[in-house]
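Residues per chain are reported as follows:
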Amino acid sequence: MIVIEDVHKSYGNQHILRACSATVSLGEVVVVCGPSGSGKSTLIKCINGLVPFERGTITVDGVSVSSPKTDLPALRSRIGMVFQSFELYPHMTALQNVSLAQIHVLKRSRAEADARSEKILARVGLGDKRDSRPSQLSGGQQQRVSIARALAMDPQAMLFDEPTSALDPEMINEVLEVMQELALEGMTMMVVTHEMGFAQRVADRVLFMDRGQIVEDTPKAQFFTAPVSERARQFLTNVLTH
Amino acid sequence: MNYRWDWSILFKDTYMGWLWSGLLWTVIISLASWAVALTVGLLAGTARSAPSRSARLLAGIYIDVFRNVPPLVQLFLWYFVLPEVVPDSFGLWLKRDLPYPEIVTAVVAIGLFAGSRVAEQVRAGIEAVGAPLMPAALATGLRPAQAFRLIVLPLGLRAIVGPLTSEFLITVKLSSLSLTIGVLELTAQSRHVENYTFQGFEAFTFATIGYLVIGLCVTGLMRFIDIRIGGAALRKTPA
Ligand SMILES: Nc1ncnc2c1ncn2[C@@H]1O[C@H](COP(=O)(O)OP(=O)(O)O)[C@@H](O)[C@H]1O
Ligand SMILES: [Mg+2]
């Protein structure tokens with residue numbers, strides 16, 4: 001579904017991603033972790049072309065992200081993305097947030113889009129919040145609206161960039177539960193997170209990044225019991241003991 | 001001080017006529033130059049974040065030139081210099097056939113000056129408030145132009161209603177510059193009344209109250225707009 005091959009990216013003379021390769025197959029859940037600044041966000045934003053890269057290829061469902069012939073907006077509309085800081089449109093209600101791209105990208109009628117949005121909002125547990133603005137919602141609720149906004153496009157895959165890092169502890173679970181449900185329904189997901197409990201419950205594989213490289217790409221069971229790299233071992237002891 | 005107050009001059013037909021006509025022209029010039037300023041400012045401020053390099057450059061030149069030359073100098077350039085430096089036929093048309101030449105010149109000059117300031121506000125609003133949501137909007141599959149029109153620009157504009165109120169108020173006050181090229185607006189008419197009656201304090205009291213009322217109307221209108229589009233609510237948004 002998502003194939004990343006030998007991707008390099010630099011900002012100025014800073015090499016941010018080095019020779020990154022990975023695959024996410026249909027229905028797979030891949031968790032990406034690693035220390036801050038290791039390039040996780042950059043990598044995940046390369047997948048939908050939000051960040052351009054110099055070398056290598058990324059294909060999504062066989063379509064190359066970096067090819068100039070690719071209709072990038074169309075490709076993005078098939079990949080949902082959820083950001084650390086929610087990134088909801090603050091001047092719109094939850095319903096309008098979820099409906100906007102359906103109307104302007106998928107060309108659904110407003111009524112059709114709103115009906116779909118209501119269903120999805122209900123599914124993430126926010127059926128009663130359709131008319132609330134982001135500022136009237138808690139962080140956890142905002143992040144669920146953001147997930148709904150992505151799901152409303154009927155994506156083939158979902159990308160999450162630290163979806164719970166900006167949340168108060170008591171709100172983390174309500175978001176993880178929604179994500180876990182998605183994973184169980186077979187959604188293809190790439191999730192940057194430090195929630196190792198989530199990884200243990202739903203991940204198929206874990207990627208560990210360090211200084212721009214994917215230093216570990218292992219099945220979940222092995223990652224938690226016998227990680228290959230020393231760096232990952234250290235990281236795990238740090239994360240799990242905190 | 002042995003100034004003899006005589007409020008009755010304000011109620012004499014002739015002087016009252018002058019003052020009210022001055023007030024009317026002040027309102028007309030203010031509104032018209034604000035319309036010019038908003039239009040030009042929106043275009044130039046938007047062009048500052050356009051993908052096209054030349055559009056950005058052009059808007060940048062306009063903003064730098066018009067913001068940095070004193071508005072009074074600009075007014076004189078438009079009124080006295082422009083007709084002399086353009087081709088003769090156009091210069092003649094400007095001097096002879098342009099209807100209400102002083103008024104039109106004042107509106108253009110003040111409008112373009114204020115427009116350069118509005119453009120900077122628009123640019124700032126887009127950069128600070130609108131543009132950060134661009135990646136999220138693009139990620140949903142919106143095309144860059146759609147994301148700009150549906151999210152970035154509306155958000156940027158909502159954020160700057162406050163600063164725009166100040167620009168509107170400045171524009172109203174700048175309208176008094178037009179007396180230097182012979183427009184009989186409120187300030188000019190007050191001086192006119194003073195010259196005829198030697199009751200300048202009364203005339204300028206009228207002018208002061210006139211400007212005050214216009215200013216309060218502007219503030220009220222902008223506050224109404226702000227509430228209608230939810231700008232005030234946005235600024236309260238916790239990060
Ligand atoms: N727009 C940018 N310009 C310059 N450097 C950047 C930019 N975005 C990220 N970086 C740098 O790239 C490195 C990786 O960042 P990021 O992908 O956000 O890491 P992570 O998500 O793993 O914390 C960091 O050193 C960061 O400073
Ligand atoms: Mg990050």
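What counts, and where the lines are drawn
Residues numbered from 1 in each chain as written. Chains lettered and ligands numbered in written order. Predicted model: local features only at pLDDT ≥ 70, side-chain atom pairs only at ≥ 80, totals over all residues. Heavy atoms only, no water. 1 Å grid on protein atoms, 1.4 Å probe; cavity = no way out; pocket = protein on both sides within 12 Å on 5 of 7 lines; lining within 4 Å. Points joined across faces, edges and corners; volume = space filled by probe spheres on them. Nonpolar A, V, L, I, M, F, W, Y, C, P; charged D, E, K, R; others polar. Core = buried A, V, L, I, M, F, W, Y, C linked by side-chain atoms within 4.5 Å. Buried < 20%, exposed > 50% of the residue type's maximum accessible area, 1.4 Å probe, protein only. Contact = heavy atoms within 4.5 Å. Axes fitted to C-alpha atoms, helices over the stretch in contact; angles between N-to-C directions. Helix = DSSP H or I, 4+ residues; strand = E, 2+ residues; numbered from the N terminus. Parallel < 35°, antiparallel > 145°, perpendicular 65-115°, else oblique. Left-handed = near helix turned anticlockwise from the far one by under 90°. UniProt positions renumbered as here; feature names shortened; annotations may be inferred. Pairing = 2+ DSSP bridges.

## Quick notes on empty space enclosed by the protein
Right, so step 1: Scanning the model with the defined rule gives 2 cavities of 30 Å³ or more in all.
Right, so step 2: Here the largest cavity defines a volume of roughly 80 Å³.
Right, so step 3: Together, 13 residues line the largest cavity, and A:G80, A:M81, A:A150, B:A139 and B:T140 are the ones closest to its centre.
Right, so step 4: Residue classes in the lining of the largest cavity are distributed as 7 nonpolar, 4 polar and 2 charged.
Right, so step 5: Of the pockets and cavities examined, the second largest cavity occupies roughly 50 Å³.

## Notes on the nonpolar core
Right, so step 1: Core analysis: the biggest nonpolar cluster contains 48 residues, and A:I4, A:I47, A:M190 and B:I151 have the highest contact counts within it.
Right, so step 2: With sequence-adjacent residues up to four places away left out, A:I47 is seen in contact with A:I2, A:I4, A:I58, A:V60, A:V65, A:L75, A:I79, A:L159 and A:M190.

## Quick look at the packing of helix 1 (residues 13–47) of chain B against helix 9 (residues 186–197) of chain B
Residues and elements named next belong to chain B.
Right, so step 1: Where helix 1 meets helix 9, the closest approach of the two axes is 7 Å, and the angle between their N-to-C directions is 165°. Accordingly, the angle class assigned to the pair helix 1 and helix 9 is roughly antiparallel. Viewed along their axes, helix 1 and helix 9 form a crossing whose handedness is right-handed. Here Y15, W18, L19, S21, G22, L23 and T26 of helix 1 lie close against helix 9, whose contacting residues are L186, Q189, S190, H192, V193, Y196 and T197.
Right, so step 2: Tallied by class, the residues present in the contact of helix 1 with helix 9 amount to 7 nonpolar, 7 polar and no charged.

## Observations concerning the UniProt feature "domain: ABC transmembrane type-1" (unreviewed entry) in chain B
Right, so step 1: The UniProt feature table records "domain: ABC transmembrane type-1" (unreviewed entry) at residues 23–222 of chain B.
Right, so step 2: Within residues 23–222 of chain B, the helical portion is 83% and the strand portion 0%, while the C-alpha atoms at the span's ends are 21 Å from each other.

## Considerations on the sheet that holds strand 4 (residues 55–60) of chain A
Two modes of strand pairing occur in sheets, parallel and antiparallel, and in both the strands are linked by backbone hydrogen bonds.
Residues and elements named next belong to chain A.
Right, so step 1: Overall, antiparallel pairing links the 4 strands, which are arranged 2-1-4-5 in an open sheet. Looking at strand neighbours, the two that pair on one side only are strand 2 (14–24) and strand 5 (63–64), the edges of this open sheet.
Right, so step 2: As paired strands, strand 4 and strand 5 are joined by 2 bridges and run antiparallel to one another. Of the residues in strand 5, the one forming a bridge with V60 is V63.
Right, so step 3: Helix 1 (residues 40–47) contacts strand 1 (2–11), strand 2 and strand 4 of the sheet and is inclined by roughly 60° relative to strand 2.

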